[in-house]
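Working through the structure, step by step
Residue-level listing of the chains:
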Amino acid sequence: MSVTILGIESSCDDTSAAVIRDGILLSNVIASQSVHEEYGGVVPELASRAHQQNIVPVVDAAIRRAGIDRHDLSAIAFTRGPGLLGSLLVGTSFAKGLSLGLRIPIIDVNHLHGHVLSHFIREKEDDTVPEFPFLCLLVSGGNSQIILVKSHNEMEILGKTIDDAAGEAFDKCAKVMGLPYPGGPHIDRLAAEGDADRFRFAKPHIPGLDYSFSGLKTSFLYTLRDAVRTDPDFIEKNKADLAASLQKTIIDILLDKLRKAVAMTGVTQVAIGGGVSANSGVRDAIARFCAQKGLKAFIPQRKFTTDNAAMVAIAGYFKYQDHRFCGYDEVPYARVTI
Ligand code: KG4
């Protein structure tokens, strides 16, 4: 019998709903919130309010675009955390209410599992997916982790950031340059026209597979502060070279630990996920690294790199197969690891 899962994602500032039937994506609707742009970051209270406005039309559109009736659903998967508590509450409460109305189970999904499992979203029967075990470099606004993925439901964090995430490094340095939030995509665009070897910024010396990006942020800030003292137009004149050099440094830091993790584990497949995996330089570097080492690279389509409900639905689909449902007394959690 077919298994049809509705996924709901509301952990930060995207309200999203998706339908997956037997592992194949039927719809994926995302309503992004522009209300935060003028504040230079996500404002939690405004995010929750926008989720409340968006959730009914987004779920309705996902069901309609999937060409199904809501009574065809087998279960509802929702993001339980990590994320902003008020935002998570909207998706969690909606999932509970709809599941009670339809008399179908609910499945809680760890947002980070969702990012990793986005590589298993298939749009056609013959789409290739990774084989276990593989490594996933998960790089987003809140996380930078190297994860050993042993099965759909079993993952081990081998390394993680001890301070800022890679996305924060992009966003905070972009802010120093006066670029809008989130700065990552702006750095990406500017970097394409710049000289990546023009400026050098600090790289961390952290043992093992953990990351650190706070030193880079400070070094970037001090370089710009000192240069602007002598030339007030320094940033404007050098923005493409600054962006390219910053991006290269972040990629070098990411690749250094990934290289070690591949050597330690002996895996033959490497995947990337999370918002920063949309970055052109990161994508190229991973593809080149894997080609050199004879590894198979899994680079997600850009629409599956940032927050989306398709990854929640696919994670829910695998939990459904293991009969791992959750009770109505389960509440969202703002912080949680994999
Ligand atoms: O996974 P995600 O959507 O959610 C959070 O974890 O918050 O990741 C958002 C992050 C932001 O820091 C954003 O600047 C970064 O992903 N990002 C990028 C690019 N697109 C999104 N960073 C660099 N280059 C990009 N093209």
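Above: the structure in question.
These lines cover the structure that appears in this document, whether it is placed above or below. Because the structure is predicted, anything quoted here is derived from the model rather than measured.

1. Focus on the packing of aromatic side chains
- Per the stated rule, a full pass over the model turns up 10 aromatic pairs.
- Here Tyr 320 and Phe 325 contribute two aromatic rings whose centre-to-centre distance is 5.5 Å and whose plane-to-plane angle is 80 degrees, an arrangement assigned as edge-to-face.
- Residue class for Phe 325 comes out partly exposed when judged on its relative accessible area of 35%.
- Members of the aromatic cluster, joined through ring pairs, are Phe 120, Phe 132, Phe 134, Tyr 317 and Phe 318.
- Residue placement shows Arg 225 over the ring face of Tyr 222; its charged tip is 4.5 Å from the ring centre.

2. Some details on the layout of surface pockets
- Here the largest pocket defines a volume of roughly 1,600 Å³.
- In terms of lining, the largest pocket is formed by 47 residues, of which the most central are Cys 12, Ser 140, Gly 141, Gly 142 and Tyr 181.
- Put simply, the parts of the chain that give the lining of the largest pocket at least two residues each are helix H3 (111-117), strand E7 (144-151), helix H4 (166-176) and helix H5 (184-191).
- If one sorts the elements of the lining of the largest pocket by residue count, H4 sits on top with 4 residues.
- Residue composition of the lining of the largest pocket, grouped by class: 14 nonpolar, 22 polar and 11 charged.
- In this structure, the second largest pocket spans a volume of roughly 370 Å³.
- Sorting the residues of the lining of the second largest pocket by element identifies H5, helix H7 (234-265) and helix H8 (280-293) as the ones contributing at least two each.
- Here the lining of the second largest pocket takes 7 residues from H7, the largest share from any one element.

3. Structural notes on the site of the ligand
- Of all residues adjacent to the ligand, which total 18 residues, the nearest are Gly 141, Asp 171, Asp 188, Gly 275 and Asn 279.
- Asp 171 is positioned such that a nitrogen or oxygen atom in its side chain is 2.6 Å from an oxygen atom of the ligand.
- For the ligand, an oxygen atom lies 3.0 Å from a polar atom in the backbone of Gly 275.
- Elements with a minimum of two residues in the shell around the ligand: H4 and H5.
- Looking at the shell around the ligand, its residues break down into 5 nonpolar, 10 polar and 3 charged.
- When residues of the shell around the ligand are assigned to domains, at least three map to each of domain 1 (4-126 + 304-321) and domain 2 (134-302).

4. What about the pattern of salt bridges?
- The final tally for this structure, using the stated rule, is 21 salt bridges.
- Between Lys 172 and Asp 164 there is a salt bridge, with the nearest N and O atoms lying 3.3 Å from each other.
- For Lys 172, a relative accessible area of 31% translates into the label partly exposed.
- What makes Asp 164 buried here is its relative accessible area of 8%.
- Close ionic contact of Lys 217 with Asp 164 constitutes a salt bridge, the shortest N to O distance being 3.0 Å. Taken together, the residues Lys 217 in helix H6 (residues 214-230) and Asp 164 in the loop between strand E8 (154-160) and H4 connect sequence positions 53 residues apart.
- What makes Lys 217 partly exposed here is its relative accessible area of 25%.

Procedures and definitions
Residues numbered from 1 in each chain as written. Predicted model: local features only at pLDDT ≥ 70, side-chain atom pairs only at ≥ 80, totals over all residues. Heavy atoms only, no water. Phe/Tyr/Trp six-rings, centres within 6.5 Å; stacked < 30°, edge-to-face > 60°. Buried < 20%, exposed > 50% of the residue type's maximum accessible area, 1.4 Å probe, protein only. Lys NZ or Arg CZ within 6 Å of the ring centre and 35° of its normal. 1 Å grid on protein atoms, 1.4 Å probe; cavity = no way out; pocket = protein on both sides within 12 Å on 5 of 7 lines; lining within 4 Å. Points joined across faces, edges and corners; volume = space filled by probe spheres on them. Helix = DSSP H or I, 4+ residues; strand = E, 2+ residues; numbered from the N terminus. Nonpolar A, V, L, I, M, F, W, Y, C, P; charged D, E, K, R; others polar. Near = heavy atom within 4 Å. Polar contact = N/O pair within 3.5 Å; in protein donor to acceptor, adjacent residues only side chain to side chain. Domains from an automatic or database assignment. Salt bridge = Lys/Arg side-chain N within 4 Å of Asp/Glu carboxyl O.

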